[in-house]
Amino acid sequence: MAASSELRLDLLASDPLLLILSFLDFRDLVHCSYVNRRLNELCGHNPLWKRLCSKHWLLTETERLQSGVSWPCLFIQHYSDLGRYIQHYSVLKRRWDQLKDFLRQTCPRMIASLKEGVSEEELDAIEAQIGCKLPDDYRCSYRIHNGQKLVVPGLMGSMSLSNHYRSEDLLDVETAAGGFQQRKGMKKCLPLTFCFHTGLSQYMALEPAEGRNLSDIFYHCPDQTAQDPSAIDMFITGSSFLEWFTSYVNNVVTGEYPIIRDQIFRYVHDKRCVATTDDITVSVSTSFLPELSSVHPPHFFFTYRIRIQMASSAPPEAACQLDSRYWKITNANGNVEEVRGPGVVGEFPVMTPGKVHEYASCTTFSTTSEYMEGHYTFHRLANKEEVFHVTIPRFHMVCPPFRESLVRSQGSANCTSQFDDDDDDDDDDDDDDDDDEDFNGNRDLRRINMAAMEGSRCPRHI
């Protein structure tokens, strides 16, 4: 009978064991180190912890050399300080690094406005001050950077029309705590951003209260048809700080949001919204303006930016001038409106090979979505009798998700609200949400017919 062979761990080669250990996360690696002396020695192998330091803390060899300690010790140092954030830190740190690298090249003055991160003790003190726990993803981001100084332009995007300007700063945690809300309709909400010009803020719900979910991020908007001042609707912009911040940074660094005059403009460009007619290309990007919108009454305000470009390869005789515009506008109910007019925003641009003309205009509608399409009429400079159309591609404008105030929801359920008849037929979605702004002037504007003011403010369609 053959002698049985016993498999002994201490006789196995190191390389296959290290390969197996390389698939383990740090918790499993620590547990393995307690099995026996052989695994204890192998689990302290520097390359294993180098991988984990890179994965969780984004540390480099240069940073390890500067620290003067081994990779396992470096991991322990960071875990002792930031361990509670290990599931968030690498994602947020990478996004912050990407954003700063991008801003150094495009908007360098914004870098100077960023504040250094705060300590655990400072965040604990803020929690004690407001009487609420801060989400770990929010705390983690503020360990990296404590928002920014109150400056213009703001880090969280700008928007500009001829008579309206918005630029949102990312508030530091101390300033945010000063704006923590306890009033009815906004209980347990912490401001994340602030705009000097409009008073607009985005808020984060620190507790599930008044119809909000924990960590909802939103623009608040008073219900103008309700008598109760606590009836506040919400335009939802994120479901957590991590999702809200990382998606914004992704839009910035990928070029989804354009940089205009050293500012980040929150225009969204659908790559399908491009049309070329002969040598002229027209592209469109859009943006929703919560500070000029409301859910009750339904009034949704969008701005759109149009870029007209003549190819540099076009012959000189292709030079032309824009004479007029035609719009076909279709709302969510299928109603169609046609608009014709001379020029664009009072201009009649001349297009020559390589030239680009850009302009911004705006539109309002009472349904939650709408799309526009149309054409420009041009004539050739060399022959005014030669008239032709240039296609404007179809572009959609969709209101962000909104949620009605709990006051309205409860009132509708109990059939006690005297404003039930004013409910919008399109608001048949339980996920209604809505936006708000603190700009008193815009609150006044919501009480009157905006269409009547088109001549003095932003025209409905230009």
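Please read these numbers as outputs of a predicted model, since none were measured by experiment. Note that residues are indexed from 1 along each chain, following the sequence as it is written. At least 70 in pLDDT is required for a residue's local features to be given in this predicted model, at least 80 for side-chain atom pairs to be given and counted, and no such filter applies to totals for whole chains, interfaces and linings, which use all residues. Side-chain measures here rest on the full set of heavy atoms in the structure, leaving out hydrogens and waters.

Draft legend 1. View of the overall build of the chain. A tally of helices and strands in the chain yields 14 helices and 21 strands. When burial is assessed residue by residue, the chain has 50% of its 462 residues classed as buried. For this analysis, residues touch if any pair of their heavy atoms sits within 4.5 Å. For the chain, long-range pairs separated by at least 24 residues make up 64% of all intrachain contacts whose partners lie at least 6 apart in sequence. Residue-level accessible areas treat just the shown protein chains as cover; the underlying method is Shrake-Rupley with a 1.4 Å probe. Within the structure as shown, the chain displays about 21,700 Å² of accessible surface, and the carbon and sulfur contribution to it stands at 50%. Numbering of helices and strands starts at the N terminus; helices are DSSP runs of H or I of at least 4 residues and strands are runs of E of at least 2. Burial classes follow relative accessibility: with a 1.4 Å probe on protein chains only, a residue under 20% of its type's maximum area counts as buried, one over 50% as exposed, and anything between as partly exposed.

Draft legend 2. Quick peek at the sheet that holds strand β6 (residues 193-195). In this description, strands pair whenever DSSP reports at least two bridges between them. The strand order β3-β4-β6 describes an open sheet built from 3 strands, whose pairing is antiparallel. Among the strands making up the open sheet, the edge pair consists of β3 (158-161) and β6. Across the sheet, the mean angle separating the axes of adjacent strands is 20° when strand polarity is ignored. In the sheet, β3 pairs with strand β4 (residues 164-170) via 4 bridges, with the strands oriented antiparallel. Bridge pairing links M159 to R166 in β4. Axes here refer to lines fitted to C-alpha atoms; in helices the fit is confined to the stretch in contact. Angles between the N-to-C directions go from 0 to 180 degrees.

Draft legend 3. Layout of the pattern of salt bridges. In what follows, salt bridge is the name for a side-chain nitrogen of Lys or Arg lying within 4 Å of a carboxyl oxygen of Asp or Glu. Within the structure shown, the criterion is met by 23 salt bridges. Among the salt bridges present, the one from R394 reaches E373, with a minimum N-O distance of 3.1 Å. Taken together, the residues span a long stretch of sequence, with R394 in strand β20 (residues 387-398) and E373 in strand β19 (residues 369-380) at a distance of 21 residues. Its relative accessible area of 18% is what places E373 among the buried residues. Connected through shared salt-bridge partners, D81, R84, E120, D124, E127, K133, D136, R139 and R143 make up one network.

Draft legend 4. Here's a closer look at the pairing of strand β16 (residues 336-342). Inspection of the sheet shows strand β15 (residues 320-331) paired to β16 by 7 bridges, in the antiparallel sense. Bridge pairing in β16 links Y326 to R340. Remark: 4 residues form the turn of the hairpin made by β15 and β16, two consecutive strands paired antiparallel; G334 in that turn has positive phi of roughly 90°.

Draft legend 5. Highlighting helix α1 (residues 14-21). Looking at α1, one finds that the buried residues are L17, L18 and L21. All buried residues of α1 fall inside an arc of 100° around its axis, so they share one side. Facing away from the buried surface of α1 by more than 90 degrees, the exposed residues are D15, L19 and I20. Among the structural elements, α2 (26-32), α3 (37-43) and α4 (46-57) are those in contact with the buried residues of α1. Working definition: the arc comes from the directions between the helix axis and the C-beta atoms, pointing outward to the latter.

Draft legend 6. Structural context of helix α12 (residues 241-253). For α12, built from 13 residues, the straight-helix expectation of 18 Å at 1.5 Å per residue is met to within 8% by its first-to-last C-alpha distance of 18 Å. Of the positions making up α12, those classed as buried are F241, W244, F245, T246, Y248, V249 and V252. Once α12 finishes, G255 follows within two positions and takes phi at roughly 85°, a positive value. Multiplying one less than the number of residues by 1.5 Å gives the expected span of a helix.

Draft legend 7. A look at unusual backbone geometry. Residues V152 and P153 are joined by a peptide bond in cis, for which omega reads 5°. Summarising the element assignment, P153 is placed in the loop between β2 (145-148) and β3. Cis geometry marks the peptide bond from H296 to P297, where omega comes out at 0°. One non-glycine residue, S215, lies in positive phi territory at about 75°. Considering the arrangement of structural elements, one finds S215 in the loop between β7 (202-205) and β8 (217-222).

Draft legend 8. Quick look at the packing of α4 against helix α6 (residues 71-82). At a minimum axis separation of 8 Å, α4 and α6 run at an interaxial angle of 30°. Between α4 and α6, the crossing angle belongs to the class labelled roughly parallel. You can see that α4 and α6 cross each other, and the crossing is left-handed. Contacts from N46, W49, K50, L52, C53, H56 and W57 of α4 reach α6 at W71, P72, L74, F75, H78, Y79 and L82. Split by residue class, the contact of α4 with α6 holds 10 nonpolar, 3 polar and 1 charged. Orientation categories follow fixed angle ranges, with anything under 35 degrees roughly parallel, anything over 145 roughly antiparallel, 65 to 115 roughly perpendicular, and all other angles oblique. Crossing handedness follows the turn of the near helix against the far one: under a right angle anticlockwise gives a left-handed crossing, and clockwise gives a right-handed one. Residue type decides the class: Asp, Glu, Lys and Arg count as charged, Ala, Val, Leu, Ile, Met, Phe, Trp, Tyr, Cys and Pro as nonpolar, and the leftover types, Gly among them, as polar.

Draft legend 9. Representation of the packing of aromatic side chains. Pairing of aromatic side chains here covers Phe, Tyr and the six-membered ring of Trp, requires ring centres within 6.5 Å, and sorts the geometry by plane angle: under 30 degrees stacked, over 60 edge-to-face, intermediate tilted. For the structure shown, the criterion picks out 28 aromatic pairs. Ring centres 5.5 Å apart and planes at 45° place the aromatic pair Y304 and F395 in the tilted group. Residue Y304 is located in strand β14 (residues 300-310), and its partner F395 is located in strand β20; the two are separated by 91 residues in the primary sequence. Side by side, Y304 and F395 carry an identical accessibility label, which is buried. An aromatic cluster of at least three residues, connected via ring pairs, comprises F26, W49, W57, F75, Y79 and Y89.

Draft legend 10. Region of interest: the environment of V345. Structurally, V345 can be placed in the loop between β16 and β17 (350-351). Along the backbone, V345 and Y359 are 14 residues apart, and their C-alpha atoms lie at a distance of 7.7 Å.

Draft legend 11. Quick look at the confidence of the model for the chain. Every residue gets a pLDDT, meaning the predictor's confidence in that residue, from 0 to 100. This prediction gives the chain a mean pLDDT of 88; 87% of its residues lie at or above 70. The low-confidence segment residues 415-462 (pLDDT under 50) makes 135 contacts with residues lying over four places distant or belonging to another chain.

Draft legend 12. Spotlight on the pairing of β19. Judged by how many residues are buried, β19 sits mostly within the fold: 9 of 12 residues are covered. Relative to β19, β15 is paired through 11 bridges, and the arrangement is antiparallel. Along β19, the bridge assignment pairs R325 with Y376. When β19 meets β20, the two strands line up antiparallel, connected through 10 bridges. Across the sheet, S369 pairs through a bridge with V398, a residue of β20. As consecutive antiparallel partners, β19 and β20 are separated by 6 residues.

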